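Listed below, chain by chain, are the residues.
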Amino acid sequence: MAMNHRRERASAIYKKTQQQIPMLSAAVSFMFCLRGTTDVNAFSTLQYHSQQQPIITSTTCFAGGGFGASKSKLSSKKKTKKPKSKSIGFLEELEVSSAKQQELPKLDRFGLPLVPTEDTIFPPLDSDISRIPVDYNDGDATDQNFNREEVADAIKNHLGVNLDVFDTSGYSIHKEEQNNGESSSSKWLLKLLHQDPPVFQIDNFFTAEECESYKTMVGPNENNSEPPKAVQMNSPTFSSLSISRRTSTTWFCRYEGVPTLLSKAQQLLNVDLSQMEEPQIVRYRTGEEFSWHYDEIPSTQLSNGGQRLATLLVYLNDLEEDRGGGTVFRDLTPPIINSGNNNGKSKRNKGSAKSNTKQLTVRPKTGTALLFFPSYKDGTPDIRTLHKGEVALDTKMIAQLWIHERDYQAGVPEGNIQTDAMEGVEQEAKRLGFL
């Protein structure tokens, strides 16, 4: 009877251990993939066989570091034979093994592994970390005075903007020439949305015609004799283990195919073409999003151009406020407006940076650009720039560009190099009135 009882206990422990192995392995795989990645776009493809340990077929970490994002596979560790102790019987050995299995990772009260959440991956910032919103005195959202000294102070620790292309009111000094030979009265308008870390909005950065031109780049290539200006790269679909979700579609552009974006970015930021990552056009269809993430790249990819210093994105179409699609900064707040007719009480900005919450949210508006800095100018990541692209209820399209510390070597499309765009960028600079 005693022997049968011991066998039943051994069988029960063995079955319980086998039931826990898949979940334990999944959690361990997920945590391994998260190490060294900032966008936390990690997933594991697991195959389970009846009453066997799971086989990890592939594990890839997507870190948002350009197309050259590194891929890593989990290599199974060689099993080392443990010396059998004569003093430990079969049952006792199973109990010790089961206890060790349950130590990593920690389990909840249902016996399931504690899967990382947004709060554990992106913990709230400490209250002593500096975050200074813009405070407009005696103004409103439609009449915000440009303060050159305030802007200069905001960008002192970051790549910043080229203030030489703006007048004392925040309007650009260029005079854009249209295709019909006439001059456009459209001027950029620089707005500081957040003081520290600095976040900018540039109105009229693209004309409506330029936005339409960029949207057509992602359509069918009617001229098969020439290579397409943009190559589609489907964003990964992540498993339920992933914390960050990106369900949009991305096109990587040839530098020579987007001279307007590159030329305007060069004038705005006063940087060299060689520092620019592959320009991208991104489409979010109904229900698509990019959840909380950082734009910095992991240390394993810094050999190619160093860290990203600036993120520049241009909204190519409008989205109504109740249709989602805004760019939200979790730890930043909208500008504060102290209006004299508000009994001295502060109110939040009701302009295009309007937020339904206390989080700074920039609404998609045709031709408007958003500029912020994932890292300080010395390459140290700025943890205050955590952001997301809200779920879009209508189609949303953007053009985006990242600026690196040093020369960056492009990965796609094949043969894509910045020098191919030099002539076109110079011509655009002349057309825009910068040269």
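It should be emphasised that the depicted structure is a prediction, and the values quoted were computed from it without experimental measurement.

The rules we used
- Residues numbered from 1 in each chain as written.
- Predicted model: local features only at pLDDT ≥ 70, side-chain atom pairs only at ≥ 80, totals over all residues.
- Heavy atoms only, no water.
- Helix = DSSP H or I, 4+ residues; strand = E, 2+ residues; numbered from the N terminus.
- Buried < 20%, exposed > 50% of the residue type's maximum accessible area, 1.4 Å probe, protein only.
- Polar contact = N/O pair within 3.5 Å; in protein donor to acceptor, adjacent residues only side chain to side chain.
- Salt bridge = Lys/Arg side-chain N within 4 Å of Asp/Glu carboxyl O.
- Core = buried A, V, L, I, M, F, W, Y, C linked by side-chain atoms within 4.5 Å.
- Contact = heavy atoms within 4.5 Å.
- pLDDT = per-residue confidence, 0-100.
- Pairing = 2+ DSSP bridges.

Caption draft 1: Representation of the environment of Asp 378 within the structure. Counting through the fold element by element, Asp 378 comes out in the loop between strand 16 (369–372) and strand 17 (387–389). Here Asp 378 falls in the exposed class, since its relative accessible area comes to 55%. On a C-alpha basis, the gap between Asp 378 and Leu 159 in space is 9.0 Å, while along the polypeptide they are 219 residues apart. A polar side-chain atom of Asp 378 sits 3.0 Å from the main-chain amide nitrogen of Thr 380.

Caption draft 2: Structural context of the pattern of salt bridges. Tallied over the entire structure, the rule returns 14 salt bridges. The salt bridge involving Glu 390 is made with Arg 363; its shortest N-O contact spans 3.5 Å. With a gap of 27 residues between them, Glu 390 in the loop between strand 17 and strand 18 (396–404) and Arg 363 in the loop between strand 15 (360–362) and strand 16 connect regions that are remote in the sequence. According to the relative accessible area criterion, Glu 390 is partly exposed, its value standing at 25%. Arg 363 sits in the buried class, given a relative accessible area of 9%. A cluster of three or more residues bridged by salt bridges with shared partners is formed by Glu 210, Lys 264, Glu 428 and Arg 431.

Caption draft 3: Here's a closer look at the nonpolar core. With 53 residues, the main nonpolar core has Phe 200, Leu 268 and Leu 371 as its most contacted residues. Looking at this core, the element that brings in the most residues is helix 6 (residues 259–269), giving five residues. When neighbours within four sequence positions are excluded, Leu 371 is seen to be in contact with Val 161, Pro 198, Val 199, Phe 200, Ile 202, Leu 268, Leu 269, Ala 310, Thr 311 and Leu 312. Residues Leu 193, Leu 332, Leu 360 and Leu 370 belong to the second largest nonpolar core, which totals 16 residues.

Caption draft 4: The confidence of the model for the chain, seen in detail. A residue-level look at the chain finds 64% of positions with pLDDT of 70 or above and a mean pLDDT of 77. Between residues 85–92, whose pLDDT stays under 50, and residues either more than four places distant or in other chains, the model counts seven contacts.

Caption draft 5: Main features of the pairing of strand 11 (residues 308–315). In terms of burial, strand 11 is largely enclosed, as eight of its eight residues are buried. Two strands pair when backbone bridges link them, and strand 11 and strand 18 are joined in this way by seven bridges, in the antiparallel orientation. The residue bridging Arg 308 from the neighbouring strand is His 404, located in strand 18. When strand 11 meets strand 16, the two strands line up antiparallel, connected through four bridges. In the sheet register, Leu 312 faces strand 16, and the bridge partner there is Leu 371.

Caption draft 6: Structural view of the side chain of His 387. Looking at the element boundaries, His 387 is found in strand 17. Given a relative accessible area of 5%, His 387 falls into the buried group. A distance of 2.8 Å separates a polar side-chain atom of His 387 from the backbone oxygen of Thr 385.

Caption draft 7: Structural detail: unusual backbone geometry. In this structure, the amide linkage connecting Asp 196 to the following residue, Pro 197, adopts the cis form with an omega of 5°. Position of Pro 197 relative to the elements: it lies in the loop between strand 5 (189–196) and strand 6 (199–203). One non-glycine residue, Asn 204, lies in the positive phi region at around 60°. Its location among the elements puts Asn 204 in the loop between strand 6 and helix 5 (208–216). Within the chain, Asn 270 stands out as a residue other than glycine whose phi angle is a positive 55°. With respect to the helices, strands and loops of the structure, Asn 270 is situated in the loop between helix 6 and strand 9 (280–284).

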